Amino acid sequence: LMYAIQFGPTNFLLSSRANENSEILYDRSPKERVQKVAPWLTLDDDVYPVVISGRIQWVVDGYTTTDRYPYAETAVSPGTADSGLNTKFNYVRNSVKATVDAYDGTVKFYVVDDTDPLARAYTKQFPDVFLPRSSMPAGLEEHFRYPEDLFRVQTSMWGRYHVSPDNPAGFYQQNDSWNVAQDPGIESSTAAP
């Protein structure tokens, strides 16, 4: 009755399937669950499901980011409102992959790049949270994909540096930098009306 008052719908009170073993998940979104466990990680917005050993696992790409990396340039935001990297940073690596079990909500973090100094620091600080790459279930790594938000940031940054090394003035004037082609299905917040 208390949960019906708090959440609004009374469907689970009337259901014959609710019993003493039933549980209520407060944070059902995989991204929200991962963010609650590790709020210091920046998360990719594109969460995707995979099937491992007959169970559905949601994969969430986790970025280690900072805006205090010495002698590094601030990154260009991908430009989409739903990007997970719409923050100010000058260092980003996709060093953590998180999985959320679709049935029971169990969250696991795997460090996939152990050369990342921030990921190593998080692993030392929270040794019970982060698991090494070697402890992944068989077949999980085959489903990993390159995160689109990170790709957008990298292509925006590399567009500035394609100029010829024989023309330093062109680099400093930025008169020959490349622009990344806009996906026709995405409206840009910087597009002219």
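Residues numbered from 1 in each chain as written. Predicted model: local features only at pLDDT ≥ 70, side-chain atom pairs only at ≥ 80, totals over all residues. Heavy atoms only, no water.

## Description of the overall build of the chain
Looking only at helices and strands, the chain features six helices and six strands. Scanning the chain from its N terminus toward the C terminus, one meets helices and strands in the order α-α-α-β-β-β-β-β-α-β-α-α. For the chain, whose C-alpha radius of gyration is 21 Å, the value lies well above the compact-globule estimate of 16 Å for 193 residues. Partitioning the intrachain contacts of the chain with sequence separation of at least 6 by distance along the chain shows that 52% fall at a separation of at least 24. The distance from the centre of the 17 positive side-chain charges to the centre of the 25 negative ones in the chain is 4 Å. (Helix = DSSP H or I, 4+ residues; strand = E, 2+ residues; numbered from the N terminus. Rg over C-alpha atoms; globule rule 2.2 N^0.38 Å. Contact = heavy atoms within 4.5 Å. Lys, Arg positive; Asp, Glu negative; His and termini not counted. Charge placed at Lys NZ, Arg CZ, Asp CG, Glu CD.)

## Here we look at the environment of Ser-135
Residue position: Ser-135 is located in the loop between strand 6 (130-132) and helix 5 (148-158). Expressed as a C-alpha distance, the spacing of Ser-135 and Ala-72, which sit 63 residues apart in the sequence, is 33 Å.

## What about the side chain of Asp-44?
With respect to the secondary-structure elements, Asp-44 resides in the loop between strand 1 (42-43) and strand 2 (48-52). Looking at Asp-44, its side chain comes within polar contact range of the main-chain nitrogen of Asp-46, at 2.9 Å. Not counting the four nearest positions on each side in its chain, Asp-44 is found in contact with Lys-31, Val-60, Asp-61, Tyr-63, Gly-84, Pro-147, Glu-148 and Asp-149. (Polar contact = N/O pair within 3.5 Å; in protein donor to acceptor, adjacent residues only side chain to side chain.)

## Overview of the side chain of Lys-97
By secondary structure assignment, the location of Lys-97 is in strand 4 (residues 91-101). Judged by its relative accessible area of 4%, Lys-97 falls in the buried class. Only 2.3 Å separates the side chain of Lys-97 from the side chain of Asp-61, close enough to count as a polar contact. For Lys-97, the contacting residues outside a window of four places in its chain are Val-60, Asp-61, Lys-108, Phe-109, Tyr-110, Val-112, Phe-144 and Arg-145. (Buried < 20%, exposed > 50% of the residue type's maximum accessible area, 1.4 Å probe, protein only.)

## Some thoughts on helix 5
Listing the buried residues of helix 5 in full gives Asp-149, Leu-150, Arg-152, Val-153 and Met-157. Buried residues of helix 5, viewed axially, fall in a sector of 160°; they line one side. Among the structural elements, strand 3 (55-66) and strand 4 are those in contact with the buried residues of helix 5. (Arc of directions from axis to C-beta.)

## Here we look at unusual backbone geometry
Its identity as a non-glycine residue notwithstanding, Ser-53 has a phi of 55°, on the positive side. Tracing the sequence through the fold places Ser-53 in the loop between strand 2 and strand 3. Assessed through its relative accessible area of 72%, Ser-53 is described here as exposed. The phi torsion at Tyr-71 lies on the positive side, around 60°, for a residue other than glycine. By secondary structure assignment, the location of Tyr-71 is in the loop between strand 3 and strand 4.

## Examining the confidence of the model for the chain
Per-chain confidence: the chain averages 85 in pLDDT, with 91% of residues scoring 70 or above. Element-level pLDDT for the chain is lowest in helix 2 (residues 11-14), with a mean of 71, against a maximum mean of 97 in strand 5 (residues 107-111). (pLDDT = per-residue confidence, 0-100.)

## Overview of the pairing of strand 2
Residues Tyr-48, Val-50 and Ile-52 point to one face of strand 2 and are all buried, whereas Pro-49 and Val-51, pointing to the other face, are not buried. In terms of strand pairing, strand 2 meets strand 3 through five bridges, oriented antiparallel. Bridge pairing links Pro-49 to Trp-58 in strand 3. In this antiparallel pair of consecutive strands, strand 2 and strand 3, the connection spans two residues, and Ser-53 shows a positive phi of 55°. (Pairing = 2+ DSSP bridges.)

## Things to note about the pattern of salt bridges
Inspection of the entire model under this criterion finds nine salt bridges. Taking the shortest distance from any N to any O, the salt bridge between Lys-31 and Asp-45 comes out at 2.9 Å. Placement of Lys-31 in helix 3 (residues 30-37) and of Asp-45 in the loop between strand 1 and strand 2 is noted, with a sequence separation of 14 residues between them. Where salt bridges share partners, they join Arg-55, Asp-101 and Asp-104 into one cluster. (Salt bridge = Lys/Arg side-chain N within 4 Å of Asp/Glu carboxyl O.)

## Topic: the nonpolar core
If you look at the biggest cluster of nonpolar residues, it comprises 13 residues, and the most contacted ones within it are Val-34, Leu-41, Phe-109 and Phe-130. Elements with a contribution of two residues or more to this core: strand 4, strand 5 and helix 4 (117-125). Leaving out residues up to four positions away in the same chain, Leu-41 has contacts with Gln-35, Tyr-63, Thr-64, Val-96, Phe-109, Tyr-122 and Phe-130. Counting residues in hydrophobic clusters, the runner-up holds nine residues, among them Val-50, Ile-52, Leu-140 and Phe-144. (Core = buried A, V, L, I, M, F, W, Y, C linked by side-chain atoms within 4.5 Å.)

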